[in-house]
Amino acid sequence: MKKLMTATALLMATSAIAQAEGQLNLYNWGNYTSPELLEKFKAETGITVTVTDYDSNDTALAKVEAGGHGFDLVVPSANYVPIWVEKGLIVPLDDSKLPNKGNIAPEWKDVSWDPGRTHTIPWQWGSTGVAVDTAIYGGDINTSAVFLEVPDELKGKINVVPEMNDIVAMATMYAGGEPCSEDPEVLKKARDLLVAAKPRWISMDYGATERLSNGDWAASVNWNGSTMRARLANDTVAYGYPKEGYPLFMDSVALLADAQNVEEAYKFLDFIMVPENAAMISAFARYANGIAGSEPFMPEDMKTAPEVVIPEEHKAAGVFLPTCTGKAQEYITAIWTELQK
C-alpha cells in the first residue's frame, strides 16, 4: 500500500509539473515571432510556445479549415478576420481573462474588421510596398511599375510576395481601380499587367528579408518591417510607397475554435498586451504594434525609420484593404490562379 501511495503521489506530482509547464501552439507568419518574447513568456509562466510558420493568409486559412491542425492561436490580417469569424474558425474572447486589454491603443480598440475587438488582439501593423536595392536600380521606387512594368535593371531579379489580395489590389490600383473592384475593364487591365509581368520576376516567395540582404534579389514587393531588417543588413536597400496606392495591414491574434490549450492561450494574449512585451515583438520583426505605452521600450532606430514612420507625402496613398466578397473575390481568385500556372 505504501509503495502504491508513493507511486500515486509521484504520478500526481509529475502531472502537476507537466500542467504547470504547459504547452501552446501558435500558427503565425514566418520570421515574425520574437524568440526572446517566447523565452520571457516561458520564464514567467512555465508555458512552452511552439510556433509553426505560414507564408500567406490563404495558406493559414486553408490549413485550419481542413482541420486536424493542432494550433491554438492564429494571426490573420485585418481583411481576413471577418472570414475567420464567418466560418466559425475563431471564437469571441473572454475579456475577464484579459486584464491588459485596456492597453490597446485607442485607434485600434474599435476597428472595422473586428468591431469592439471581440475576437482579436493586435500583433503588428504596417504596409505592403516595394523594396529595391538602389545600388542596382536608381529610378523611381514609389510606384508599382517596379513590379508591373519591370525596368530592365530588375528583370529576372525581382520577387513578388505570395499574398493574393495585396498583389491583386496593388495591380488594380495601378490600373486606376479600387481594391475589391468588380469593374471588368479595370480587372482585365490588372490581370493583363500581372500576367505580362510575371515572366520578368525571379520568384513569388516569402523570404525577402534575407535575399534582399545578401543580394540574391535586387527588388521585391515586400512588407515594410521586413524591408527595414534587410536595410539594416544592406544599406542600399530602400522602401517605396507606390503612389498609385498600397495596402496597409494589421495582423491580430485570435483564439481558434478548436484550440486545446485555451488557458495557456489567454495567458499569452494578455502577456503580449504588456507594453514592454509588445515592444519586443516590434523590435524583432520591425513593425509598429497596437499597444499604448510601448513607445519608450521601442528601439531608437524604429522611431524615425522611413519604413515604419510613413513619410507625410506618401500617407494618402495607403489603404486598409476591405474584405472582398462575391464577384470581386471570384475575380481576384481567378487572376491569382492564372498567375500560379
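Residues numbered from 1 in each chain as written. Predicted model: local features only at pLDDT ≥ 70, side-chain atom pairs only at ≥ 80, totals over all residues. Heavy atoms only, no water.

Moving on, we get to the packing of helix 6 (residues 164-174) against helix 12 (residues 326-339). It is the contact of helix 6 with helix 12, at a shortest axis distance of 10 Å, that shows an interaxial angle of 100°. Here helix 6 lies roughly perpendicular to helix 12, going by the angle between them. For the pair helix 6 and helix 12, contact is made by Met164, Asn165, Ile167 and Val168 and by Gln329, Ile332, Thr333, Ile335 and Trp336, respectively. In the contact of helix 6 with helix 12, the residues fall into six nonpolar, three polar and no charged. (Axes fitted to C-alpha atoms, helices over the stretch in contact; angles between N-to-C directions. Helix = DSSP H or I, 4+ residues; strand = E, 2+ residues; numbered from the N terminus. Parallel < 35°, antiparallel > 145°, perpendicular 65-115°, else oblique. Contact = heavy atoms within 4.5 Å. Nonpolar A, V, L, I, M, F, W, Y, C, P; charged D, E, K, R; others polar.)

To continue, consider the packing of aromatic side chains. Enumeration according to the criterion identifies 19 aromatic pairs in this entry. For the pair Trp108 and Trp125, a centre-to-centre distance of 5.4 Å together with 50° between the ring planes defines the contact as tilted. With Trp108 in the loop between helix 4 (81-86) and strand 4 (120-133) and Trp125 in strand 4, this pair connects stretches of sequence that are 17 residues apart. Accessibility expressed as a relative area gives 21% for Trp125, which makes it partly exposed. When the centroid spacing of 5.6 Å and the interplanar angle of 50° are considered together, the rings of Tyr206 and Trp223 count as tilted. (Phe/Tyr/Trp six-rings, centres within 6.5 Å; stacked < 30°, edge-to-face > 60°. Buried < 20%, exposed > 50% of the residue type's maximum accessible area, 1.4 Å probe, protein only.)

What follows concerns helix 2 (residues 35-45). Within helix 2 the residues assigned to the buried category are Leu37, Leu38 and Phe41. Seen from one end, helix 2 has its buried residues packed into an arc of 95°, which puts them on one side. Opposite the buried face of helix 2, by more than 90 degrees, sit the exposed residues Glu39 and Ala43. On its buried face, helix 2 is in contact with strand 1 (23-29), strand 2 (48-54), strand 4, helix 10 (262-271) and helix 11 (275-285). Phi turns positive one or two residues past the end of helix 2, at Gly46, with a value near 80°. (Arc of directions from axis to C-beta.)

Right, let's get into the confidence of the model for the protein. In the predicted model, the protein carries a mean pLDDT of 94, and the fraction of residues at 70 or more is 94%. Scored below 50 in pLDDT, residues 1-20 shows two contacts in the model against residues more than four places distant or in partner chains. (pLDDT = per-residue confidence, 0-100.)

Our next topic: the nonpolar core. Of all hydrophobic cores here, the largest spans 89 residues; its most connected members are Leu73, Trp84, Trp123, Phe147, Leu194, Phe268 and Ile272. The element best represented in this core is helix 7 (residues 184-197), accounting for six residues. If near-sequence neighbours (up to four positions away) are discounted, Trp84 is found in contact with Ala60, Leu61, Val64, Val74, Pro76, Leu89, Ile90 and Leu256. (Core = buried A, V, L, I, M, F, W, Y, C linked by side-chain atoms within 4.5 Å.)

Another point: the pattern of salt bridges. Enumeration according to the criterion identifies 13 salt bridges in this entry. Residue Asp205 pairs with Arg211 through a salt bridge whose shortest N-O separation is 2.7 Å. What makes Asp205 partly exposed here is its relative accessible area of 25%. Taking relative accessible area as the criterion, Arg211 reaches 33% and is therefore assigned partly exposed. For Glu300, the salt bridge goes to Lys303, with nearest N and O atoms at 2.8 Å. Exposure remark for Glu300: the relative accessible area of 59% places this residue in the exposed category. According to the relative accessible area criterion, Lys303 is partly exposed, its value standing at 38%. Salt bridges sharing partners connect three or more residues here, namely Lys188, Arg191, Asp192 and Glu338. (Salt bridge = Lys/Arg side-chain N within 4 Å of Asp/Glu carboxyl O.)

What follows covers the side chain of Ser144. Among the secondary structure elements, Ser144 is positioned in the loop between strand 4 and helix 5 (145-148). Overall, Ser144 belongs to the buried group, its relative accessible area being 0%. Here Ser144 is in contact with Met170, Tyr174, Pro242, Glu244 and Gly245, once residues within four sequence places are set aside.

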